[in-house]
Amino acid sequence: MHTAAGVEACLPIRSDMDLVWVRQHVRQAAARLGFGLVDQTKLITAASELARNTLVHGGGGQMEATRVGGAGAQGLRLAFTDEGPGIADLDLALSDGYTSGGGLGMGLSGARRLVHDFDIDTRPGSGTTVRVTCWVGRPPRPREEA
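In the annotation of an unreviewed UniProt entry, the entry for the protein chain reads Anti-sigma regulatory factor, and the organism field reads Streptomyces cahuitamycinicus.

Below, the structure written as structure tokens:
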């Protein structure tokens with residue numbers, strides 16, 4: 001694990017207990033930044049789904065939490081990284097209603113709807129990194145039309 005300027009925490013995701021630590025850290029970090037209860041819950045829910053994906057589909061990895069922003073805008077960026085098989089069909093994995101089972105049933109598309117910014121980098125055989133950011137006090141992103 002490494003740390004860099006601005007990185008608040010780098011947590012391993014290797015077991016179900018690590019999923020508990022990830023949720024707890026995200027809850028505490030969001031509260032410290034001033035997120036309201038509803039926004040905390042959305043971020044924790046997205047983090048929980050992404051951490052479980054990292055463990056189950058990626059074979060484990062890590063979550064890096066970084067405080068972002070400056071004057072007038074504060075947020076929390078979470079990056080979930082694994083060295084697993086990658087996602088063969090990203091369009092399918094991001095489609096509404098798609099789930100491979102075992103998680104909260106919301107999949108990547110559900111996690112994406114719960115955060116303000118969502119980015120995924122994956123290639124078959126090269127692992128996956130999902131980065132999400134939520135901003136304090138920003139209204140939720142509009143639902144994307146199909």
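Chemist: A description of the pattern of salt bridges should follow, citing residues and the corresponding values.
Modeler: It is possible for side chains of opposite charge to pair when their charged atoms get near one another. With the rule as written, the count across this model stands at 4 salt bridges. For Arg-123, the salt bridge is made with Asp-121, and the minimal N-O distance between the two is 3.8 Å.

Chemist: Tell me about the sheet that holds strand β5 (residues 128-135), and please be specific about residues and values.
Modeler: Reading across from one edge, β1-β2-β3-β5-β4 is the order of the 5 strands in this open sheet, with antiparallel pairing throughout. On the outer flanks of this sheet lie β1 (7-13) and β4 (117-122), each paired with one strand and no other. Adjacent strand axes in the sheet meet at a mean angle of 15°, parallel and antiparallel pairs treated alike. Where strand β3 (residues 73-82) lies against β5, 8 bridges are found, and the strand directions are antiparallel.

Chemist: Please provide a residue-by-residue account of the nonpolar core, values included.
Modeler: Formed by 32 residues in total, the largest nonpolar core has its most connected members in Met-63, Leu-78 and Phe-80. Within the residue set of this core, elements represented by two or more residues are β1, α1 (16-33), α2 (37-56), β2 (61-70), β3, α4 (107-114), β4 and β5. Broken down by element, this core gets its largest block of residues, 7 residues, from α2. Other than its neighbours up to four places away in sequence, Met-63 contacts Ala-9, Cys-10, Leu-11, Ile-13, Val-22, His-25, Val-26, Leu-78, Ala-79 and Phe-80.

Calculation notes
Residues numbered from 1 in each chain as written. Predicted model: local features only at pLDDT ≥ 70, side-chain atom pairs only at ≥ 80, totals over all residues. Heavy atoms only, no water. Salt bridge = Lys/Arg side-chain N within 4 Å of Asp/Glu carboxyl O. Pairing = 2+ DSSP bridges. Helix = DSSP H or I, 4+ residues; strand = E, 2+ residues; numbered from the N terminus. Axes fitted to C-alpha atoms, helices over the stretch in contact; angles between N-to-C directions. Core = buried A, V, L, I, M, F, W, Y, C linked by side-chain atoms within 4.5 Å. Buried < 20%, exposed > 50% of the residue type's maximum accessible area, 1.4 Å probe, protein only. Contact = heavy atoms within 4.5 Å.

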